[in-house]
4 protein chains.
Amino acid sequence: MKFKTSITDVKKDGSEVMRGEKLTDLIKEKTFAEVIYFILKGQMPDESQLTMFNAILTSVIDHGPATASAMNARISASAKNDMHVALAAGILGFGPRHGVAVESAMQFLMKNKENKNVSQTLQEMKERKEYVPGYGHKVFDTDPRATALFALAKETGIAGDYCALAEAVRSALNESSSKSLPINVDGAIAAILCDIGFDAALGSGIFLIGRVPGLVAHIHEEMTNDTGIRRLDSTEVEYKNA
Amino acid sequence: MKFKTSITDVKKDGSEVMRGEKLTDLIKEKTFAEVIYFILKGQMPDESQLTMFNAILTSVIDHGPATASAMNARISASAKNDMHVALAAGILGFGPRHGVAVESAMQFLMKNKENKNVSQTLQEMKERKEYVPGYGHKVFDTDPRATALFALAKETGIAGDYCALAEAVRSALNESSSKSLPINVDGAIAAILCDIGFDAALGSGIFLIGRVPGLVAHIHEEMTNDTGIRRLDSTEVEYKNA
Amino acid sequence: MKFKTSITDVKKDGSEVMRGEKLTDLIKEKTFAEVIYFILKGQMPDESQLTMFNAILTSVIDHGPATASAMNARISASAKNDMHVALAAGILGFGPRHGVAVESAMQFLMKNKENKNVSQTLQEMKERKEYVPGYGHKVFDTDPRATALFALAKETGIAGDYCALAEAVRSALNESSSKSLPINVDGAIAAILCDIGFDAALGSGIFLIGRVPGLVAHIHEEMTNDTGIRRLDSTEVEYKNA
Amino acid sequence: MKFKTSITDVKKDGSEVMRGEKLTDLIKEKTFAEVIYFILKGQMPDESQLTMFNAILTSVIDHGPATASAMNARISASAKNDMHVALAAGILGFGPRHGVAVESAMQFLMKNKENKNVSQTLQEMKERKEYVPGYGHKVFDTDPRATALFALAKETGIAGDYCALAEAVRSALNESSSKSLPINVDGAIAAILCDIGFDAALGSGIFLIGRVPGLVAHIHEEMTNDTGIRRLDSTEVEYKNA
């Protein structure tokens, strides 16, 4: 089995070169967010891109214990698993309905970049019962994280064609929808990452990098306030013979 | 099932308060590394702590495709799994022999904080064939990442009793060992996190937060340079009926 | 959070009723394969169905260490993880290219049950570059496991419309393909499970139940013959700065 | 990377030899439980061993949706993940407090095989606050699954020194304990597997093989009765700023 890579070269003396830079230089001179951007994109961010990238990662860092990912992480920790095991369990709580939407939202925006008639596309998607990723939220009418990110995207000058397209889609969607469909945080991140020039296949990855610290905090809290292994009580299970 | 938490409060209007701060303020005003430190420790870092924390996270961001975690991540990606699935596979490639040592190294240092006779403790551990976590490396004689981190710990004034203890342990270990046992990156991170005042139970978690972007980069590279599902060839498997 | 279930009722005295039967009766009176069939399908198998179900599960029990799933399981075990952790890692080595195809093959067969013109459908799929699940193998020209399963399906009388359809598809596919496309083990299992009357959404699940013992055997072997944590050597990694 | 194995030899023509037997012969002639026993132990079971092995696997096949493993599996499925992904999530809900105890119970029994003074050993463990694996249950006063397994172990003649030791430990434990400590299903399986002659390192693995079909059934039920992604409601989360 052979792997070709252009990410990191670990030399025989233990030194490492990452995307052409010495790792020890990056350790001394760069912040973590810059190095994340660099390892994913192969270029260092300029000041605006870095501001935006920090904001994106922070915006998804946690969303409380009620989410599928945080529950899974805490349940696994409650069975006395190690941190890395509970973290993997938490990550398997993400899925097409949770977190992974950044990627599909980026693909949707890229596919419709040149689309002159978005309303019609949305109408056709509605007829095929296809879902437009990046809009709507199970709980909120507006998503304050999306609002904060778009404000910063305008301020830094990052907001471009994709942010405009995301807003046009939102406007068109809400014309024909009975319930309010705000751009959610996945949709906002998708539009901004497209404007920065990230590959759509990195959408979920960037979301996950942002959220992992939140999962670690939840696992640590579960370990610290150890209340034994999690179980549903009898009122939470209903058995009915089929 | 009920979860008590002091991490994040998601309010009914969608706003979030994290460790007492509004999430939208953190998005606007703080870097990702600051917010990671804050969500884990409940306090914002001062300038020295932040410099050190950025350096720690960067130092472990990747270690090439030859490691158990990167291989698992790429193999899972080669089976056409989504990013979050391959990431979880990669994280399950960590273990007591890979990454998780930061935590046991912190526990060892904390347990021996007041130890006046480290040499004797090490001698007793050797007799019981117990391993001292944070020293030695399968490949290197010195670990350039550890050297860079300790230099920065001195420069920022973070290096304190635990960094001194880690060095004393290294010195004592090498008196009685036939092969060179440098402090490795796990050991250096452990000593510095102890001097900052982090809980030992967060050792692996901080390592994992640092490494996840590297795994994401490897998964993305595997997806992009898709060479089909990974298999060992016939020269790499040897069958012998027991 | 509330779960409605018709699988198992755990009573307050510790007794369990599964699909309407007392668990202690099943323990005494039934084989494991019967109880698997029963928990999945809600009915006990007749003798032919049971023979076939045993054969299906056995046919996928292992496929050697060179597969993505076995590699992932063994690599995770080599990092000194527990059995359940290494097993989860192994399972994340399955994916759309490995194992999961049983499910898509069942969906394909069910969708084309009434199709009078399979050749044309296959031609259209070819034009859309869609892949027909359950045919072809990376390594073999014929799949002896598929042959053995179909022989048994005929012998037991289980082989019905779906097995006939699977064969018709194979024949049509090979008329237009330059390389031999045998029905592989996934395709054979799919056709037979359709003829028994299983839900397509259980296709991967049945495959996984069959393969888990093989993964456990590999993990146990890796733990027993412990050769340290797995790493690629320097000849297996090629670094090229992009 | 090279793997030595004595499990399965996949030949160039696609035929497989497992532990010295042709896979196609096993498919035709053996039941799934026999082949599981064979792949793990390298020998075919005799009739008593097979009866017992079937009973052990059946006894742990499911324990309802309230357990950590079933919850994790269903939560992951509710995020719209594939079967194999949700199954891995479920398996990460096991841990030292759930399922994995079979292995530690086997180790405990093997270590005390020749122990003439079990009561004193238990007293010393109590003083060191060490837990005796395989006894007690969070919910039940007696474990009907353990009772059924021991009855069958006597009937088949499998019950030997280890079953006797497990009972002696139970008796001694309950002399000094204020609450009833029955042998639980993990403890019963451990004693019986020791009497059959299984390696302790296979304890968790056999438990997991038995439970995987239950997890598959729960995931399938969650997919079929799809009620959207799982979330705790606001009464189930309590936020308190630390």
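Residues numbered from 1 in each chain as written. Chains lettered and ligands numbered in written order. Predicted model: local features only at pLDDT ≥ 70, side-chain atom pairs only at ≥ 80, totals over all residues. Heavy atoms only, no water.

Going by what an unreviewed UniProt entry lists, chain A is known as citrate synthase (unknown stereospecificity). Of the comments in the UniProt record for chain A, the one headed Sequence similarities (unreviewed entry) reads "Belongs to the citrate synthase family." (UniProt positions renumbered as here; feature names shortened; annotations may be inferred.)

A. Seen up close, the overall build of chain A. Helix and strand content of chain A: eleven helices and five strands. On the principal axes, the C-alpha backbone points of chain A span a range of 60 × 55 × 40 Å. Expressed as a percentage of the 242 residues in chain A, the buried residues total 64%. Here chain A has roughly 9200 Å² of accessible surface; of this, 47% comes from carbon and sulfur atoms. Each charge class in chain A can be summarised by its mean position, and for the 27 positive and 31 negative side chains these summaries are 5 Å apart. (Helix = DSSP H or I, 4+ residues; strand = E, 2+ residues; numbered from the N terminus. Buried < 20%, exposed > 50% of the residue type's maximum accessible area, 1.4 Å probe, protein only. Areas by Shrake-Rupley, 256 points an atom, 1.4 Å probe, with all protein chains shown as cover. Lys, Arg positive; Asp, Glu negative; His and termini not counted. Charge placed at Lys NZ, Arg CZ, Asp CG, Glu CD.)

B. Representation of the interface of chain B and chain A in the model. Taken together, the contact between chain B and chain A spans 81 residues of the former and 80 residues of the latter. At the boundary of chain B with chain A, total buried surface from both sides reaches about 6700 Å², with 74% on carbon and sulfur atoms. Area buried by chain B at its contact with chain A is led by Met1(B), Phe3(B) and Phe32(B), which between them contribute 13% of it. As a salt-bridge pair, Arg145(A) and Glu16(B) come within 3.7 Å of each other at their nearest N and O atoms. In this assembly, chain B and chain A are joined by 18 residue pairs in polar contact (both at pLDDT 80 or more). (Contact = heavy atoms within 4.5 Å. Buried area = accessible area lost by both parts, 1.4 Å probe. Salt bridge = Lys/Arg side-chain N within 4 Å of Asp/Glu carboxyl O. Polar contact = N/O pair within 3.5 Å; in protein donor to acceptor, adjacent residues only side chain to side chain.)

C. Structural detail: helix α2 (residues 32-41) of chain C. Residue and element names in this part refer to chain C. Summarising burial for α2: nine of the ten residues are buried, a large majority. Turning to α2, its buried residues are Phe-32, Ala-33, Glu-34, Val-35, Ile-36, Tyr-37, Phe-38, Ile-39 and Leu-40. Immediately beyond the C-terminal end of α2, within one or two residues, lies Gly-42, with a positive phi of roughly 80°.

D. Main features of the packing of helix α2 (residues 32-41) of chain B against helix α3 (residues 47-59) of chain B. Residues and elements named next belong to chain B. At a closest axis distance of 10 Å, the pairing of α2 and α3 adopts a crossing angle of 100°. Relative to α3, the element α2 lies roughly perpendicular. In contact with Ala-33, Glu-34, Ile-36, Tyr-37 and Leu-40 of α2, α3 contributes Gln-49, Leu-50, Phe-53, Asn-54 and Leu-57. The residue inventory of the contact of α2 with α3, partitioned by class, reads seven nonpolar, two polar and one charged. (Axes fitted to C-alpha atoms, helices over the stretch in contact; angles between N-to-C directions. Parallel < 35°, antiparallel > 145°, perpendicular 65-115°, else oblique. Nonpolar A, V, L, I, M, F, W, Y, C, P; charged D, E, K, R; others polar.)

E. Representation of the sheet that holds strand β4 (residues 21-22) of chain D. All names here are of chain D. On the basis of which strands lie adjacent, the open sheet formed by three strands has the order β2-β3-β4 and antiparallel pairing. In this open sheet, the two edge strands, each paired with only one partner strand, are β2 (8-10) and β4. Note that β2 and strand β3 (residues 16-18) share three bridges and pair antiparallel. Among the inter-strand pairings, Thr-8 is bridged to a residue of β3, identified as Met-18. (Pairing = 2+ DSSP bridges.)

F. How the structure looks around the environment of Asp46(A). Residues and elements named next belong to chain A. Note on placement: Asp-46 falls in the loop between α2 (32-41) and α3 (47-59). The class for Asp-46 is partly exposed, based on a relative accessible area of 42%. A C-alpha to C-alpha distance of 9.3 Å links Asp-46 and Glu-34, two positions twelve residues apart in sequence. A polar contact is formed between the side chain of Asp-46 and the backbone nitrogen of Gln-49, at a distance of 2.8 Å.

G. Just the packing of aromatic side chains, in detail. Summed over all chains, the structure comprises 18 aromatic pairs over all chains. Ring plane angle 15° and centroid distance 5.7 Å describe the contact between Phe53(B) and Phe198(B), whose orientation is recorded as stacked. Of this pair, Phe53(B) sits in helix α3 while Phe198(B) sits in the loop between α10 (185-196) and α11 (203-224), and the two are 145 residues apart along the sequence. Across the pair, Phe198(B) and Phe53(B) agree in class, each one buried. Here Tyr37(C) and Phe53(C) contribute two aromatic rings whose centre-to-centre distance is 5.2 Å and whose plane-to-plane angle is 85°, an arrangement assigned as edge-to-face. Linking Tyr37(C) in helix α2 with Phe53(C) in helix α3 (residues 47-59), this pair joins segments that are 16 residues apart in sequence. Judged by relative accessible area, which is 0%, Phe53(C) ranks as buried. Between Lys41(C) and the ring centre of Phe198(C), over which it is positioned, the NZ or CZ distance is 5.7 Å. (Phe/Tyr/Trp six-rings, centres within 6.5 Å; stacked < 30°, edge-to-face > 60°. Lys NZ or Arg CZ within 6 Å of the ring centre and 35° of its normal.)

H. Summary view of the interface of chain D and chain B. In this complex, chain D contributes 26 residues to the contact, which on the side of chain B involves 26 residues. Taken over both partners, the interface formed by chain D and chain B buries close to 2300 Å², and the fraction arising from carbon and sulfur atoms is 57%. Its largest share of buried area at the contact with chain B, chain D owes to Met1(D), Glu238(D) and Tyr239(D), together 28% of the area lost on that side. Along the contact surface separating chain D from chain B lie two salt bridges. Between Lys2(D) and Glu238(B) there is a salt bridge, with the nearest N and O atoms lying 3.9 Å from each other. Inspection of the chain D/chain B interface yields ten residue pairs in polar contact (both at pLDDT 80 or more). Among the elements of the structure, β1 (3-5), β2, α5 (83-91) and β5 (237-239) of chain D are those that each provide at least two residues to the side of chain D that touches chain B.

I. Quick peek at the pattern of salt bridges. The full count for this structure, using the stated rule, is 44 salt bridges over all chains. A salt bridge links Glu221(C) to Arg74(C), with the shortest nitrogen-to-oxygen separation between them at 2.8 Å. Pair noted here: Glu221(C) is in helix α11 (residues 203-224) and Arg74(C) is in helix α4 (residues 68-78), with a separation of 147 residues, a long-range link. Accessibility expressed as a relative area gives 8% for Glu221(C), which makes it buried. A salt bridge links Arg74(D) to Glu222(D); the nearest nitrogen and oxygen atoms lie 2.8 Å apart. Remark: Glu222(D) occurs in helix α11 (residues 203-224) and Arg74(D) occurs in helix α4 (residues 68-78); sequence separation between them is 148 residues.

J. The relation of the copies chain D and chain B, seen in detail. The two copies are related by a screw operation: chain D maps onto chain B through 180° of rotation and 0.0 Å of translation along the axis, at an RMSD of 0.0 Å. On the angle and the small slide along the axis, the relation comes out as a two-fold axis. Residue Val85(D) of chain D places its C-alpha closer to the rotation axis than any other residue of that unit, at 3.5 Å. Of the residues that chain D buries at the interface, 100% are likewise interface residues in chain B, meaning the two copies contact each other through the same surface. (Least-squares fit on C-alpha atoms with pLDDT ≥ 70 in both.)

K. Fine view of the packing of α4(D) against α5(D). All names here are of chain D. Two numbers describe how α4 lies on α5: the axes approach to 7 Å, and their chain directions differ by 150°. The angle between the axes of α4 and α5 places the two elements in the roughly antiparallel class. Here α4 runs over α5; the crossing is right-handed. Taking contact as the criterion, the partners of Ser-69, Asn-72, Ala-73, Ser-76 and Ala-77 in α4 are, on α5, Val-85, Ala-86, Ala-89 and Gly-90. When the residues that make up the contact of α4 with α5 are grouped by side-chain class, the tally is five nonpolar, four polar and no charged. (Left-handed = near helix turned anticlockwise from the far one by under 90°.)

L. How the structure looks around the state of the cysteines. Residue and element names in this part refer to chain B. Throughout the structure, instances matching the rule amount to zero disulfides over all chains. Here Cys-163 is not cross-linked by a disulfide; its sulfur's nearest cysteine counterpart is in Cys-194, at 8.9 Å. According to the relative accessible area criterion, Cys-163 is buried, its value standing at 8%. (Disulfide = S-S within 2.5 Å.)

M. Seen up close, the relation of the copies chain B and chain A. For the pair chain B and chain A, the best superposition has an RMSD of 0.0 Å and corresponds to a rotation of 180° with a translation of 0.0 Å parallel to the axis. Taken as a fraction of all interface residues of chain B, those also at the interface in chain A reach 99%, which identifies the copy contact as same-surface.

N. View of helix α7 (residues 118-127) of chain A. Residues and elements named next belong to chain A. Residues of α7 that are buried include every one of Val-118, Thr-121, Leu-122 and Met-125, and no others. Down the axis of α7, the smallest arc covering the buried residues is 95°, so these residues share one side. Buried residues in α7 make contact with α6 (101-111) and α9 (161-176). Among the residues trailing α7, Lys-129 stands out with phi positive, at a value near 55°. (Arc of directions from axis to C-beta.)

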